[in-house]
Amino acid sequence: MTDHTVRIDAQTSPADIQFSANFNVAVPFIDRHLAEGRGAKVAFTVHGGGACTYAQLAENVNRAGNALLAAGLKPQDRVLLVVKDSCEFVYAFWGAIKAGIVPVPLNTLLRAKDYAFNIENSEASGLVYSAEFAAEVEPALKQAAHKPKVVLKAAGDGDTLAAKMTTASATLTPAPAKADDDCFWLYSSGSTGNPKGAVHAHRDMVVTSQRYGVETIGLTENDICFSAAKLFFAYGLGNAMTFPLWVGGSAVLFPGAPNPAAIHEVIETHKPTAYFGVPTLYGAQLRAMADKMPDLTSVRLCVSAGEALPPELLKRWIERTGRPILDGIGTTEILHIFLSNTDAALKPGASGRPVPGYEARIVDENGKPVKQGDSGSLMIKGQSLLKYYWRNPEKTAASLKEGWMYTGDTYYQDADGYYFCAGRSDDMLKVGGIWCSPVEIEQKLIEHPKVLEAAVVGRKDEDALIKPEAHIVLGDASHACDDLKQELLEHCKNGLARYKYPRWVNFVAELPKTATGKIQRFRLRE
Ligand code: 3UK
């Protein structure tokens, strides 16, 4: 096979997409479009201003790669990206990959202490950030014991990556790579410990784009994708960047906060054909529609992931808009959706059936498949699984077994082959599609001088979606009042990423504990 090419042969095993021996994934995702005559086509439109064509994209990817190399980064070095959804994100991400540097997009909603952890844990040589996040990133750089040698703002005044790109060469030879070489990382949250770097290979974005983007939801070059989930999430990275780039379509990027009014404005302005949301947002959109119905007629495809889509929400959405939402489950480790509903095969409340190229298995505690209908641990096999967790061989060994990945989710399968989510095997909560660790929220609450003990569990809101609820024992029970509840909420919002605050606070006399004093969170769940 010619260098940097892919062979997809639907006639052979669906699990096998073939890659040329030399394979840098930036070539088929970026450069291929010039060879296919797509240079003048718009690849990305940014809501609020800005766009880039495929020709500008290819040139700026080369300039970004050259600028990162000239600044002192070398192939295999990591570069952290704390960058808003924008063309700069795409240039930096692909420029790094084409140059052989490993980009690590980080959640832009995090706090200085979180970034300090990422900087130290990754030992990244580079960090690129949008000026909007300076207030959390700059203190993190001061705190962290490890100092990246190249630190650049993405754009704006001064010596930014954008400024360096203007003087960098517009041509770049792709760094030699193999399909299973390390390509990029995404951090995945841990229930009690710190986030873990999930290392993905060059092949993985091809696999998810082809298997889910093309073969499951039928994206083509005529599609315009819009994702409420940002590019730094595995979900958003696929929805708004790799899928449209794979099919030669386009995407709308929205750097702002995804509330219903903003989402509806973006849809009405840019008329996307495919919309990717999360259940909490679909619920909020339905409430906003009661006041003002937006024009959503451009959208032929609505997708939901991040947490299970409650059947009632799906029903209300169909009643309101006349279109279904396709729920599918994905993970950061598997990079995108591997079980999905489709237009032709949809069951409310189910996560659907395996995406082509993936196999699913539900096993008991001994790793043996359970009887159909019984609940067990969901395991997945496919070509886009992470290679390993960075510097975490124990977690890698516990999660990956002979090519199968433990998702940490409890599932059962019905007689028609549909998979249903029945909870997690740990205490982690999905809040608005984003991981929240109850332990992290509890630790923040206990830092407050009036709090003696805290336990955080998930509770269903009015849309049947999980949100954090805190049960708190005060040092002095007579301090319990609504003002203190408010104070504790502010304490959490100021110290944690904002989406992690408890939506309900209950003052209690004591917490249920085991004989050894461990809090029994399950006894606090409804
Ligand atoms: C849960 C779901 C029920 C489940 C994601 C790429 O969410 C994504 O990745 P994360 O690593 O979280 C993974 C975990 O989230 N989950 C996700 N989707 C569903 N549970 N129904 C669903 N539809 O616990 C899983 O283990 O943040 C990554 C692409 C899509 C994604 N949703």
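This one's a predicted model, so the numbers in the text were calculated from it and none came from an experiment.

## A word on the packing of helix α7 (residues 204-214) against helix α8 (residues 234-247)
The contact between α7 and α8 brings their axes to 9 Å, and the two run at 80 degrees. Regarding the angle of α7 to α8, the classification is roughly perpendicular. Contacts between α7 and α8 involve Met 205, Val 206, Thr 208, Ser 209, Gln 210, Tyr 212, Gly 213 and Val 214 from the first element and Thr 242, Phe 243, Trp 246 and Val 247 from the second. Its residues placed into classes, the contact of α7 with α8 shows seven nonpolar, five polar and no charged.

## Some details on the side chain of Arg 38
Inspection of the secondary structure puts Arg 38 in the loop between α1 (26-35) and β3 (42-46). Side-chain polar atoms of Arg 38 contact the side chain of His 33, separated by 2.7 Å.

## Some details on the environment of Gly 126
Structurally, Gly 126 can be placed in strand β7 (residues 126-129). With a relative accessible area of 0%, Gly 126 lands in the buried category. Beyond its immediate chain neighbours, meaning those up to four positions away, Gly 126 contacts Leu 73, Arg 78, Val 79, Leu 80, Pro 148 and Val 150.

## A word on the pairing of strand β9 (residues 182-188)
Counting buried residues along β9, six of its seven residues qualify, which places the element largely inside the surrounding structure. Note that β9 and strand β10 (residues 196-201) share six bridges and pair antiparallel. Pairing of Leu 186 across the sheet is with Ala 198, part of β10.

## Brief notes about the pattern of salt bridges
With the rule as written, the count across this model stands at 32 salt bridges. Ionic pairing is found between Glu 453 and Lys 513, a salt bridge with its closest N-O pair at 2.5 Å. Of this pair, Glu 453 sits in strand β26 (residues 451-460) while Lys 513 sits in the segment after β28 (504-507), and the two are 60 residues apart along the sequence. On the accessibility criterion, Glu 453 (22% relative accessible area) is partly exposed. Salt bridges here are not isolated pairs; linked through shared partners, they connect Arg 32, Glu 36, Arg 38 and Glu 221.

## Topic: the domain arrangement of the chain
Often the size quoted for an interface is simply the accessible area lost on bringing the parts together. Examined at the domain level, the chain breaks down into domain 1 (55-176), domain 2 (224-424) and domain 3 (437-524). The C-alpha-based centres of domain 2 and domain 3 are spaced at 29 Å. Residue-level contacts link nine residues of domain 2 with six residues of domain 3. Each partner contributes to the roughly 490 Å² buried at the junction of domain 2 and domain 3, and carbon and sulfur atoms together form 49% of this total.

## Details of helix α13 (residues 438-447)
Counted residue by residue, α13 has seven buried out of ten residues, so it is predominantly covered. Next to the buried residues of α13 lie α4 (112-122), β24 (429-431), β25 (434-436), β26, β27 (466-474) and α14 (482-495).

## What to know about the nonpolar core
By size, the foremost hydrophobic cluster in this structure holds 113 residues, and its most contacted members are Phe 44, Leu 57, Phe 93, Trp 94, Met 205 and Met 241. Two domains share this core, each providing at least three of its residues, namely domain 1 (55-176) and domain 2 (224-424). Beyond its immediate sequence surroundings of up to four residues, Phe 44 is in contact with Ala 51, Cys 52, Leu 57, Cys 87, Val 90, Ala 240, Met 241, Leu 245, Ala 251 and Leu 253. Listed in part, the 43 residues of the second largest apolar core include Val 82, Val 104, Tyr 187 and Leu 474.

## Brief notes about the state of the cysteines
Scanning the entire structure with this criterion turns up zero disulfides. Its sulfur unpaired, Cys 225 is 12 Å from the next cysteine sulfur, which belongs to Cys 302. You can see Cys 492 has no disulfide; the closest cysteine sulfur is in Cys 436, sitting 11 Å from it. Cys 492 sits in the buried class, given a relative accessible area of 0%.

## Points about the sheet that holds β28
Here we have three strands laid out as an open sheet, ordered β26-β27-β28, and mixed in their pairing. Taken across any chain shown, the strands that pair with only one partner, and hence form the sheet edges, are β26 and β28. Neighbour-to-neighbour, the strand axes of this sheet turn through a mean angle of 25 degrees, independent of strand direction. Taken together, the four bridges between β27 and β28 define a ladder with parallel strand orientation.

## Observations concerning the sheet that holds β9
Strand order in this open sheet of three strands is β9-β10-β20, and the pairing throughout is antiparallel. Sheet topology places β9 and β20 (388-389) at the edges, where each strand pairs with a single neighbour.

Procedures and definitions
- Every chain's residues receive numbers from 1 upward, in the order its sequence appears when written.
- Restriction of local features to residues with pLDDT of at least 70 applies here, the model being predicted, together with a cutoff of 80 or more for giving and counting side-chain atom pairs; totals for whole chains, interfaces and linings are based on all residues.
- To obtain the side-chain values, all non-hydrogen atoms of the structure were used and water was disregarded.
- With axes taken as lines fitted to C-alpha atoms, and helix axes fitted only over the stretch in contact, angles between N-to-C directions fall between 0 and 180 degrees.
- For helices the rule is a DSSP run of H or I covering at least 4 residues; for strands it is a run of E covering at least 2, with both sets numbered from the N terminus onward.
- Here the word oblique covers every angle except those under 35 degrees (roughly parallel), over 145 (roughly antiparallel) and from 65 to 115 (roughly perpendicular).
- Should any heavy atoms of two residues lie within 4.5 Å, those residues are considered in contact.
- Amino acids outside the nonpolar list (Ala, Val, Leu, Ile, Met, Phe, Trp, Tyr, Cys, Pro) and the charged list (Asp, Glu, Lys, Arg) are all regarded as polar, and Gly is one of them.
- Think of a polar contact as two N or O atoms within 3.5 Å of one another; within protein, one of them needs to be a possible hydrogen donor and the other a possible acceptor, and neighboring residues in sequence only count if both atoms come from side chains.
- A simple rule labels every residue: compare its accessible area, found with a 1.4 Å probe on the protein chains alone, to the largest value its type can have, and call it buried under 20%, exposed over 50%, or partly exposed in between.
- Whether two strands pair comes down to DSSP finding at least two bridges between them.
- When a carboxyl oxygen of Asp or Glu is within 4 Å of a side-chain nitrogen of Lys or Arg, the pair counts as a salt bridge.
- Domain delimitation follows an automatic or database domain assignment.
- Using a 1.4 Å probe, buried area is obtained as the accessible area two parts lose upon being combined, added over both of them.
- Residues belong to one nonpolar core when they are buried, are Ala, Val, Leu, Ile, Met, Phe, Trp, Tyr or Cys, and are joined through side-chain atoms within 4.5 Å.
- By convention in this document, the label disulfide applies to cysteine sulfur atom pairs within 2.5 Å.

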